[in-house]
Structures are given as structure tokens and as C-alpha cells.
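# Architecture at a glance
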Amino acid sequence: MMNIIYRIKKSLSDIIRRRRENAIRRTTKACGKGLFIGGKCAFHADVYLGDNCNFNGMQILGRGTVKIGSNFHSGLECMIISENHNYEGTKLPYDETFVKKEITIGDNVWFGNRVLVVGNVAIGEGAIIAAGSVVVKDVPALAIVGGNPAKVIKYRDSEHYNRLKSEKAFH
């Protein structure tokens, strides 16, 4: 009996995941193969996804451009904001216009839970963004960053990283 209940629950979760994946494919400008949506996601920007992107809960807000490379993984409740109110407009504190921002995330990047990224930043290949971090400026390749604002804590071992990359040992 427990085996039947488990199979029913797994089938339902697979159906929900596939529906979420199809919704994301429809809303993105480009989507590579191997998309995995493991949690609630909403993409409202001009989003371009590489291959093997894994989202476990992500909101991409605004109308700016967001490019995410291959083998990206996100934790729960992450957010990318690609647009700001125009505080230099004709009214205070801001007017009715918006300023679009661009965000670029390299290949093999990993976000912990509750990462926030704001516009006009680039996150380099192989970077790791620690849980709860707020990314407000560019992150170098292979950097491990954390905090608010996110700062470099250390760097990944480049020899190890490049060996795994050459072996195509992607998760």
C-alpha cells in the first residue's frame, strides 16, 4: 500500500515539475536542453538560459535582459531584479518610468538559498554565491562570495575546477 501511495505522489510531483518547466520554456527568449524546475519559479524579464539549468525556486523580475549560462543551480527563494524605478525622472521619490538593467551569469554558477542579484552585474564562470547574499557588483570567475553586499571570501581551486570541466563532470 505504501509503495502505491509513493508512486502516486511521485507521479504528481513529476507532472507539476513538467508543467513548471514548460511554463518557463514558454516565457524565456531562449532555453537550452536539460532544464529542471524543482520549485516555484516566475520569469518576467528577457531571459536566456543555457543547457542543464536547475532552478529550485527563482523569481526573475523586471524587463531587463538576464543571461544565465549552462549548468546553473539555484537554491530556494532566489531573486534577480533586472529593472529599477527611475529616481532621476520628473517626480519624487521616482517617476512612472523604469530603468532596465542587464545581468549575465556564467557557466557552472551555483546560488545558495535566498540569493538576491540586482541589475547591471556579471557573475563569472564557476562562481559560488553563498546563501543570503546580496550581489550588487560584478563577481569574478571562480570566486566564492557571501554577505550583504556580497564580498569575495575565497576562490575555487582552478586546477580542480578545470579538470572537472575538461572531463565534462557536470551535475
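Going by the structure above, here's the rest.
Let me sum up the structure you'll find in this document. As the structure is a prediction and not an experimental result, all values here were calculated from the model.

## Observations concerning the side chain of Asp 95
Along the polypeptide, Asp 95 turns up in the loop between β9 (83–85) and β10 (98–100). Put simply, Asp 95 is tucked away with no salt bridge, and the nearest opposite charge, on Lys 91, sits 7.8 Å away. One polar contact links the side chain of Asp 95 to the main-chain amide nitrogen of Thr 90, over a distance of 3.0 Å. One polar contact links Asp 95 to Thr 97, side chain to side chain, over a distance of 2.6 Å. Aside from chain neighbours lying at most four places away, what touches Asp 95 is Asn 86, Gly 89 and Thr 90.

## Structural notes on the sheet that holds strand β1 (residues 30–31)
Read from one edge to the other, the open sheet built from five strands follows the order β1-β4-β7-β11-β14, with strand pairing classed as parallel. The open sheet terminates on both sides in strands that have one partner only, identified here as β1 and β14 (121–123). The pairing of β1 with strand β4 (residues 46–49) spans two bridges and is parallel. By the bridge assignment for β4, Ala 30 is matched with Tyr 48.

## A look at the packing of aromatic side chains
Aromatic ring pairs are defined here through the distance separating the ring centres and the angle between the ring planes. Inspection of every chain in the model, using the stated rule, returns three aromatic pairs. Aromatic pair Phe 43 and Phe 55: ring centres 5.2 Å apart, planes at 75°, arrangement edge-to-face. On the criterion of sequence distance, the pair formed by Phe 43 in strand β3 (residues 41–43) and Phe 55 in strand β5 (residues 54–55) is long-range, its members being 12 residues apart. The exposure class assigned to Phe 43 is buried, which follows from its relative accessible area of 5%. What makes Phe 55 buried here is its relative accessible area of 0%. Ring centres of Phe 72 and Phe 111 lie 4.9 Å apart, and the angle between their planes is 80°; this geometry places the pair in the edge-to-face category.

## Overview of the pairing of strand β6 (residues 58–61)
Judged by which residues are buried, β6 turns out to be one-sided: Met 58 and Ile 60 face inward and are buried, whereas Gln 59 and Leu 61, on the alternate face, are not. Two strands pair when backbone bridges link them, and β3 and β6 are joined in this way by three bridges, in the parallel orientation. In the sheet register, Cys 41 faces β6, and the bridge partner there is Met 58. With four bridges connecting them, β6 and strand β8 (residues 78–81) associate as parallel partners. Paired with Ile 60 across the two strands is Ile 80, which belongs to β8.

## Focus on helix α2 (residues 158–166)
The backbone nitrogen of Glu 159 lies 3.0 Å from a side-chain oxygen of the residue at the head of α2, namely Asp 157. Two residues or fewer after α2 comes Lys 168, characterised by a positive phi angle close to 55°.

## A closer look at the pattern of salt bridges
Taken as a whole and judged by the stated rule, the model has eight salt bridges. Across the salt bridge formed by Glu 77 and Arg 114, the nearest N and O atoms sit 2.4 Å from each other. Residue Glu 77 is found in the loop between β7 (65–68) and β8, and its partner Arg 114 is found in the loop between β12 (110–111) and β13 (116–118); the two are separated by 37 residues along the sequence. Exposure remark for Arg 114: the relative accessible area of 56% places this residue in the exposed category. Ionic pairing is found between Arg 163 and Glu 167, a salt bridge with its closest N-O pair at 3.7 Å. Using a relative accessible area of 42% as the deciding quantity, one classes Arg 163 as partly exposed. Look at the salt bridges and you will find they share partners, linking Asp 14, Arg 17 and Glu 21 into a network.

Rules used in this analysis
- Residues numbered from 1 in each chain as written.
- Predicted model: local features only at pLDDT ≥ 70, side-chain atom pairs only at ≥ 80, totals over all residues.
- Heavy atoms only, no water.
- Helix = DSSP H or I, 4+ residues; strand = E, 2+ residues; numbered from the N terminus.
- Buried < 20%, exposed > 50% of the residue type's maximum accessible area, 1.4 Å probe, protein only.
- Lys, Arg positive; Asp, Glu negative; His and termini not counted.
- Salt bridge = Lys/Arg side-chain N within 4 Å of Asp/Glu carboxyl O.
- Polar contact = N/O pair within 3.5 Å; in protein donor to acceptor, adjacent residues only side chain to side chain.
- Contact = heavy atoms within 4.5 Å.
- Pairing = 2+ DSSP bridges.
- Phe/Tyr/Trp six-rings, centres within 6.5 Å; stacked < 30°, edge-to-face > 60°.

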